[in-house]
Amino acid sequence: MTMGGTMGGTMGGTIRIDAAEMDYTTLNRKIRSAAASGVSEVILDHVLGQRFIADGLRGTVRLIINGVPGGDLGMFMSGPTCIVHGNADHAPGNTMDGGMIVIHGSAGDAVAHSMRGGKVLVRDDIGYRGGIHMKEYQEKSPVLMVGGNARAYLGEYMAGGLIIVFGIGGGAAVTERGIGSGIHGGEIYIRGPVEDRLLGVGAKKKPFGAAERKRIAPFVQEFASHFDMDGKALLDGDYTRIGPASARPFASKYTWE
Amino acid sequence: MTIGSTPPRYRISVDRDQCMLCERCITECPYGVFRRNGERIAVNSRQCTACHRCIAMCPRDAIDLEEQPVDYRSHPVWTRGTREAIYNQARTGRIILAGMGNAGDYPVIFDRLVLDACQVTNPSIDPLREPMELRTYLGKKPSRLEIRNVGGDDVELVTELTPNLQLETPMMIAHMSYGAISLNAQLSLARAAAAIGTFMGTGEGGLHQAIYPYQDRMIVQVASGRFGVDINYLERGAAIEIKIGQGAKPGLGGHLPGEKVCEDVSCTRMIPLGTDALSPSPHHDIYSIEDLKQLVRSLKEATEWKKPVFVKIAAVHNTAAIAAGIARSSADAVVVDGFRGGTGAAPRVFRDHVGIPIEAAIASADAKLRQQGIRNQVSLIASGGIRESADVAKAIALGADAVYIGTAALVAMGCRVCGTCYRGLCPWGIATQREDLTARLDPDVESEHVANLIHAWTLELSELMGAAGINSIESLRGNRDRLRGYLLDEGILKVLDVKPVGA
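Going along each chain's sequence as written, the residues are numbered from 1 onward. A letter from A marks each chain and a number from 1 marks each ligand, given out in the order of writing. It should be noted that, the model being predicted, local features are given only for residues of pLDDT at least 70 and side-chain atom pairs only at 80 or more, the latter also being counted only at that level, while totals for whole chains, interfaces and linings use all residues.

Caption draft 1: Looking closely at the pairing of strand β18 (residues 333–337) of chain B. All names here are of chain B. Burial analysis of β18 places 5 of its 5 residues in the buried class, the great majority of the element. Counting other C-beta atoms within 10 Å of a residue's own tells you its class, since 20 or more makes it buried, 12 or fewer makes it exposed, and anything in between is partly exposed; those C-beta atoms are placed from the backbone. For helices the rule is a DSSP run of H or I covering at least 4 residues; for strands it is a run of E covering at least 2, with both sets numbered from the N terminus onward. Both faces of β18 are covered, namely the face carrying A333, V335 and D337 and the face carrying V334 and V336. The rule for pairing is simple: two strands pair if DSSP sees at least two bridges between them. Note: β18 against strand β20 (residues 379–383), 5 bridges, orientation parallel. Paired with D337 across the strands is S383, a residue of β20.

Shown next, in the form of structure tokens:
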């Protein structure tokens, strides 16, 4: 472990950790102890596939992750911020409770799986099942924003929160099926048109007007500012808004013995 | 065909000579069977669920219940159940949901297994005189111990041990969520677990504040909906259990209807009031055995490797191979839930037709883990259809380290196995959130009943072991020589690795 900037233990300082050749448990132990020492920023260099970074981490520490983190980045995380300079493997933000993950690259499948609170921002593309089973509770309302494209089953089983897919870089933002299957809460905004046949059972297109544009504006601005984009240009243009056809998608499927 | 054209399931009659018109039955029955009609109690038997609340509470024993008072023309193939399911589905076009465990007419293997006892050649052990060792440790056991001499005669353990759960008896209380059952019911079970020195599961319903005092006796569940799961919840539990499947409905998720999601239930599950709590069938971050390993390790990493992580699966065709896969995922225990496992609601077709019996599943899983030399890597917990202490003894002799009891613990609190949990009107205050009904269940009383039950079974288990000349639960575990099969076929005897009676 090399330390640069302000040494550990100083409130508000920075700690640098060289993650090269380091297993994830050791790495997380160092992150935890750095966060516990009160620094505001921990920089991880040479991250290469270590899973579970910031797993279950609390507080407000900011992790700068240089490299490619492995699966389940920020799982069960409650508060901290992770800025990834690179791609991320599958399920960043899995069952996350609060905090933020910003990925300067693409991410794998099940991004923001079951996320209850906080934000996951992905500059480029995500894999299958993005935002699957996201849910909200009281003041917690999770947000997933994707700059590029999302694969199939986006927002499946969604129970709350907000998903926005911008489709930057040409082509339709989502071209695969199963969008919002079983959705019973929350909303999905996809920039540009979405073919009806791509909607899953229980998902329904809803009108997108001035009120909706106003609602997503602060999120779009936030996304743009993280990735040095033109927020206004991003906000302009048509969005397809998708939500639940019913809060009880399976109510008519069952009868009692 | 009109609604109501199927005959009533039960007939309630009130003996007018005995009845003193106290109207207790009217108050007690939430289904609306009884009403006052002049100088008599009138009944509407169609509303009856056979919950027995009225019968238990009638001060004069004036109420009588008859099951299936109206016969169909009997037929061995077209049973009442098959005919009524067709009437129901012809009317609704829907999937039939049903409560409790498998109601199919399958032989119970436990009832075809008999236990051994000492005669002449070896003495039985009197548990009154000799200590019976029932303490059970769940979790990984090292395959070898490395010790270091630290001078003189003192040695020090070098091998790093992984966390285990210490149970004073090899019986735990199964996962039944707050939401599926009431807080008073959960509180009673938690107190009983604490009093006995065992553990209970939270189910996928989060952990209510009222249970925090017993959190070191709770196994917190992580299921596909991730309801109530956050880092605080994971840290509170004594162990964490990933629920992959459930014996009552293998391959399916769960569905708590919005009307059961009251304010408190919404808080513990961390979902908005009145919304459906839908747990998907798979965990969407687990699509392979490698992904399972990732979830197990993410839970361990989140809790800094201080908690054992269990993985629960429904008993299905390839349980043994699946258990061997789980054993390699760094999980500490595999819970196998047989097809008799109970539930508040499951599709009838799954409840009665999917999955295999726990006896065969546990025996084959134990055998497979031993063949592969990894039995010490995981504990095996048998669940689903454990009705009495003999079942516990037999499950352990077939290879289980411990068992979970669910329905039996509810029965100890008054449940009559009426199977109407899904109505949310449980008159015993168990499977309901209605305040006037939950208030009927007094945790001071019912925790004692549950503790009594486990205590009694523990005494019986000690006696059974003593009679067999065994004074330690380890010596019973996987000890198939203490079992004989009675009228079981050769195929199943081979799976169980048990000899027939007389052999």
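Caption draft 2: Inspection of the domain arrangement of chain A at higher detail. Residues and elements named next belong to chain A. Here the limits of each domain have been adopted from an automatic or database domain assignment. For chain A, the domain assignment lists domain 1 (1–105) and domain 2 (106–249). Contact between two residues is assigned when their C-beta atoms, built from the backbone, lie within 7 Å. Each partner contributes residues to the interface: domain 1 has 19 residues there, and domain 2 has 22 residues. For the side of domain 1 that touches domain 2, a count of residues per class yields 8 nonpolar, 9 polar and 2 charged. Under the scheme applied, nonpolar residues are Ala, Val, Leu, Ile, Met, Phe, Trp, Tyr, Cys and Pro; charged residues are Asp, Glu, Lys and Arg; polar residues are all the others, including Gly.

Caption draft 3: Structural view of helix α11 (residues 389–397) of chain B. Residues and elements named next belong to chain B. Extensive coverage of α11 is indicated by the burial of 8 of its 9 residues. Residues S389, D391, V392, A393, K394, A395, I396 and A397 constitute the buried set of α11. Two residues or fewer past α11, G399 is found with a positive phi of approximately 125°.

Caption draft 4: Main features of the packing of α11 of chain B against helix α14 (residues 443–467) of chain B. Residue and element names in this part refer to chain B. Orientation is described by axes fitted as lines to C-alpha atoms, over the contacting stretch for helices, and by angles from 0 to 180 degrees between their N-to-C directions. Packing of α11 against α14 brings their axes to within 9 Å, and their N-to-C directions diverge by 55°. Of the possible angle classes, the one that applies to α11 and α14 is oblique. When you trace α11 past α14, the crossing you get is right-handed. Residue-level contacts link S389, V392 and A393 of α11 to W457, E460, L461 and L464 of α14. Residue composition of the contact of α11 with α14, grouped by class: 5 nonpolar, 1 polar and 1 charged. When an angle is under 35 degrees it counts as roughly parallel; over 145 it counts as roughly antiparallel; between 65 and 115 it counts as roughly perpendicular; any other value is oblique. Crossings are sorted by hand: turned counterclockwise from the far helix by less than a right angle, the near helix makes the crossing left-handed, and turned clockwise it makes it right-handed.

Caption draft 5: Molecular detail of the sheet that holds strand β5 (residues 95–98) of chain B. Strand order in the open sheet formed by 3 strands is β12(A)-β5(B)-β19(B), and the pairing between neighbours is mixed. Bordering the open sheet on either side are β12 (254–256) of chain A together with β19 (346–347) of chain B, each of which pairs with just one other strand. Judged from the 2 bridges that link them, β5 of chain B and β19 of chain B form a sheet pairing that is antiparallel. In the sheet register, A98 of chain B faces β19 of chain B, and the bridge partner there is A346 of chain B.

Caption draft 6: Molecular detail of the interface of chain A and chain B. Contacts between chain A and chain B engage 40 residues on the former and 32 residues on the latter. The set of elements that each furnish at least two residues to the side of chain A that touches chain B consists of α1 (24–36) and β12 of chain A. A class-by-class count of the residues in the side of chain A that touches chain B yields 14 nonpolar, 14 polar and 12 charged. Sheet topology note: the β12 of chain A/β5 of chain B ladder contains 3 bridges and is parallel. Bridged to T255 of chain A within β5 of chain B is I96 of chain B.

Caption draft 7: Spotlight on the domain arrangement of chain B. Residue and element names in this part refer to chain B. Taken domain by domain, chain B consists of domain 1 (10–94) and domain 2 (161–500). If you average the C-alpha positions of domain 1 and of domain 2, the two centres end up 33 Å apart. Domain 1 puts 10 residues into the contact, and the matching count from domain 2 is 8 residues. In the side of domain 1 that touches domain 2, the residues fall into 6 nonpolar, 2 polar and 2 charged.

Caption draft 8: Representation of the sheet that holds strand β6 (residues 113–115) of chain B in the model. Here 3 strands make up an open sheet; going across it, the order is β6-β22-β23 (chain B) and the pairing mixed. Of all the strands in the sheet, the pair left with one neighbour each is β6 and β23 (499–500) of chain B.

Caption draft 9: View of the environment of D444 of chain B. Residue placement: D444 of chain B occurs in helix α14. Residues D444 of chain B and K368 of chain B, 76 residues apart in the sequence, show an inter-C-alpha distance of 44 Å.

Caption draft 10: Structural view of the environment of Q377 of chain B. Residues and elements named next belong to chain B. Here Q377 is to be found in the loop between α10 (358–371) and β20. Classification of Q377 by C-beta neighbours within 10 Å gives buried; the count is 24. When the C-alpha positions of Q377 and K141 are compared, they lie 6.2 Å apart, and in sequence the two are 236 residues distant. Those residues in contact with Q377 that sit more than four places away from it in its chain are K140 and A327.

Caption draft 11: Structural view of the environment of F223 of chain A. All names here are of chain A. Its place among the elements puts F223 in helix α2 (residues 210–226). The spacing of F223 and R123 is 100 residues in sequence and 8.4 Å in space, taken between C-alpha atoms. In this structure, F223 is in contact with L121 and M145, ignoring residues within four places of it in sequence.

Caption draft 12: Quick look at helix α7 (residues 289–302) of chain B. Here the expected span of a helix is defined as 1.5 Å times the quantity of residues minus one. Relative to the 20 Å expected for 14 residues at 1.5 Å per residue, α7 of chain B spans 20 Å between its end C-alpha atoms, a close match to the ideal helical length. Buried residues dominate α7 of chain B, accounting for 11 of its 14 residues. Every buried residue of α7 of chain B is listed here: D291, L292, Q294, L295, V296, R297, S298, L299, K300, E301 and A302 of chain B. Against α1 of chain A together with β13 (218–222), α5 (231–236), β14 (239–243), β17 (309–314) and α8 (319–327) of chain B lie the buried residues of α7 of chain B. Looking one or two places after α7 of chain B, you find E304 of chain B, whose phi comes out positive at around 55°.

Caption draft 13: Fine view of the confidence of the model for chain A. Per-residue confidence for chain A gives a mean pLDDT of 93; residues scoring 70 or more make up 96%. Looking at any residue, its pLDDT shows the predictor's confidence there, from 0 to 100. Below pLDDT 50 for its whole length, residues 1–9 of chain A participates in 21 contacts with residues either more than four positions away or in separate chains.

Caption draft 14: Local environment of the pairing of strand β2 (residues 34–37) of chain B. Residue and element names in this part refer to chain B. Bridge analysis of β2 against strand β3 (residues 40–43) gives 4 bridges, and the strand direction is antiparallel. Each bridged residue has a counterpart across the sheet, and for R35 the counterpart in β3 is A42. Between β2 and β3, which follow one another and run antiparallel, lie 2 residues, and G38 among them has a positive phi close to 65°.

Caption draft 15: Region of the structure containing the confidence of the model for chain B. Put simply, chain B has an average pLDDT of 95, and 99% of its residues get 70 or more. Scoring of the predicted complex yields 0.95 for pTM and 0.93 for ipTM.

Caption draft 16: Main features of the packing of α8 of chain B against α10 of chain B. All names here are of chain B. Two numbers describe how α8 lies on α10: the axes approach to 8 Å, and their chain directions differ by 50°. Relative to α10, the element α8 lies oblique. Here α8 runs over α10; the crossing is right-handed. Residues T319, A320, A321, A323, A324 and A327 of α8 pack against A361, S364, A365, A367, K368 and L369 of α10. The residue inventory of the contact of α8 with α10, partitioned by class, reads 9 nonpolar, 2 polar and 1 charged.

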